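Per-entry structural report
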Amino acid sequence: MANRQDAEILIGQSCQLTGPLAALSNEVRQGAQLYFDRVNASGGIHGRKIRVIALDDAYDPQRAAENTRTLIQHEKVLALFQYAGTPPSMAAVPIAEAFGVPFITPFSGADPLRQNFSRYVFNIKAGYSSELDAMVRQLAVVGITKVAAVYLNNPFGIGGLASVERSAAVHQISLVARVPLAVDGAKLDTVVAEVAKSSPQAIIVISAGKPSIDFVDAYLKAGHRSTFYMLSVISNLQLESALGKRSRGIVISQVVPSPWNRSIAVSREFQALAAAKGLGEYSFSQMEGFISAKFLVEAVKRAGSKPTREGLLQALESMSRVDLGGYAVDMSPSQHSSGRYVDLVIVGRDGRFTR
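Below you will find a few notes about this structure.

Thresholds applied
Counting of residues starts from 1 at the beginning of each chain's written sequence and follows it residue by residue. In view of the model being predicted, local features appear only for residues whose pLDDT reaches at least 70, and side-chain atom pairs are presented and counted only at 80 or more, with totals across whole chains, interfaces and linings using the full set of residues. Water and hydrogen atoms play no part in the side-chain values, which are based on all heavy atoms of the structure. Secondary structure elements follow DSSP: runs of H or I no shorter than four residues count as helices, runs of E no shorter than two count as strands, and numbering proceeds from the N terminus. The buried label goes to any residue with under 20% of its type's maximum accessible area, the exposed label to any with over 50%, and the partly exposed label to all in between, with areas taken from a 1.4 Å probe on protein chains only. Any pair of nitrogen or oxygen atoms within 3.5 Å is treated as a polar contact; in protein, a donor-acceptor pairing is required on top of that, and neighbouring residues in sequence qualify only through side-chain atoms on both sides. By definition in these notes, contact holds between two residues if any of their heavy atoms fall within 4.5 Å. Nonpolar cores are built from buried Ala, Val, Leu, Ile, Met, Phe, Trp, Tyr and Cys residues. Side-chain atoms within 4.5 Å join them into one set. Two strands are said to pair when DSSP picks up at least two bridges between them. To obtain an axis, a line is fitted to C-alpha atoms, over the contacting stretch when the element is a helix, and the angle between two such axes runs from 0 to 180 degrees between their N-to-C directions. Lining residues are defined by having an atom within 4 Å of a point belonging to a cavity or pocket. Those points lie on a 1 Å grid over the protein atoms alone, cavities being sets where a 1.4 Å probe fits but cannot get out and pockets being open sets with protein on both sides within 12 Å along at least five of seven lines. Grid points are joined across faces, edges and corners, and a volume is the space filled by probe spheres set on the points.

**Structural notes on the side chain of K294**
Along the chain, K294 turns up in helix α12 (residues 284–302). Given the relative accessible area of 12%, K294 is considered buried. A distance of 2.8 Å separates a polar atom in the side chain of K294 from a polar atom in the side chain of E269. If near-sequence neighbours (up to four positions away) are discounted, K294 is found in contact with Y35, V266, E269 and L324.

See below:
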């Protein structure tokens, strides 16, 4: 173990390698690996290569907890990185805290990961409540008042629904339906029928990955029409692949810069490395993984030539007003969640996003 740690920087990850959210999780990992590969090709960090040990939890919190113990106690990882999803992340945090292991940039916008301060948890993107509030505010501005909320029937979706309800009350939006969506996408016909009864002008889909897209597909196939608002944890690649032209007009909140925006340095860097790897299609999920990897690498560099978990924590807390190439992070010993960027984009006629 000692020899391996001398040669490598071991990073642990529990994510979806199988199941309905696997494709989304893969995009995030793909973006992060682009940056790690570039760092490793340049000699690593203080001569050590980064290696991510990824274990499959299939979106099961119990498996995520087991993976976390394995990564910490057996693999002796320096940090836990980019856990995918709210339930797996929430299951892992108490274990990370108990062992004093940094838990860095989970792929989740859940409020509890931000509002309940933990010395070990670090977020660099805005939370779901900010994304959902931006949606509700826009709906109010354009005069839409009858809105349905479809939410994943787990802590992620239920927490998101609470955020929508708070924002709707403030902006005088009427929630005409609140309908749970099964994680495995079961009984979609029932979900569709329940939502359609209220004839909503817009539907906010508080879900991630395939179940979200399957709901939209089923709603449209049933002959219903509405404007769909979806969270940043929706893959634009999956959306286009599954819905084609029917994805036009869908509004998606985003919490990282566009991977196509050449006016932003981090986007240009992403594009160059993606092109070198032969990656022809881009996604916001890849971009989030890429920026998160940049953040982790910068922290590990600051932790010195022989980084420890405690040293990495101190390095993370030292990252005040750090520019990752047009994307700012601002950490301190009392501030571990710095994400403020939220944008709403629309799928246009050519399948590309417009503002």
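**Details of the nonpolar core**
Within the largest apolar cluster, 104 residues are counted, with the highest numbers of intra-cluster contacts made by I204, I206, F215 and F295. Beyond its immediate sequence surroundings of up to four residues, I206 is in contact with L132, A149, V150, Y151, L152, F156, G157, G160, L161, V164 and L231. In terms of nonpolar packing, the next biggest core, distinct from the first, is built from 17 residues, L10, A65, Y83 and F103 among them.

**Topic: the sheet that holds strand β3 (residues 79–81)**
Across the sheet, five strands lie side by side as β2-β1-β3-β4-β5; this open sheet has parallel pairing. Strands at the two margins of the open sheet, each flanked by one partner only, are β2 (49–56) and β5 (121–122). Pairing analysis gives two bridges linking β3 to strand β4 (residues 103–104), with the strands arranged parallel. Note that in β4 the partner of L80 across the bridge is F103.

**A short note on the sheet that holds strand β6 (residues 146–152)**
As summarised here, the arrangement of the seven strands in space is β7-β6-β8-β9-β10-β13-β14, forming an open sheet in which the pairing is mixed. Sheet topology places β7 (174–181) and β14 (353–354) at the edges, where each strand pairs with a single neighbour. Summarising the sheet, strand β13 (residues 343–347) and β14 pair through two bridges and their orientation is antiparallel. In the strand pairing of β14, V347 is matched with F353. Here helix α8 (residues 188–196) sits on the sheet and contacts β6, β7 and β8 (202–206); the angle it forms with β7, its principal contact strand, is near 175°. Contacts between helix α9 (residues 209–221) and the sheet are confined to β6, β7, β8 and β9 (227–230), with β9 contributing the most and set at about 175° to the helix.

**Observations concerning empty space enclosed by the protein**
The method is simple in principle: a probe with the dimensions of a water molecule rolls over the atoms, and the space it marks as empty is what remains. This model, assessed by the stated rule, comprises three cavities of 30 Å³ or more. Looking at the largest cavity, its volume works out to about 100 Å³. The wall of the largest cavity is formed by Q16, L21, L24, S25, Y59, A84, G85, F107, Y128, F156, A208 and V233.

Remember, this is a structural readout, not a statement about activity or role.
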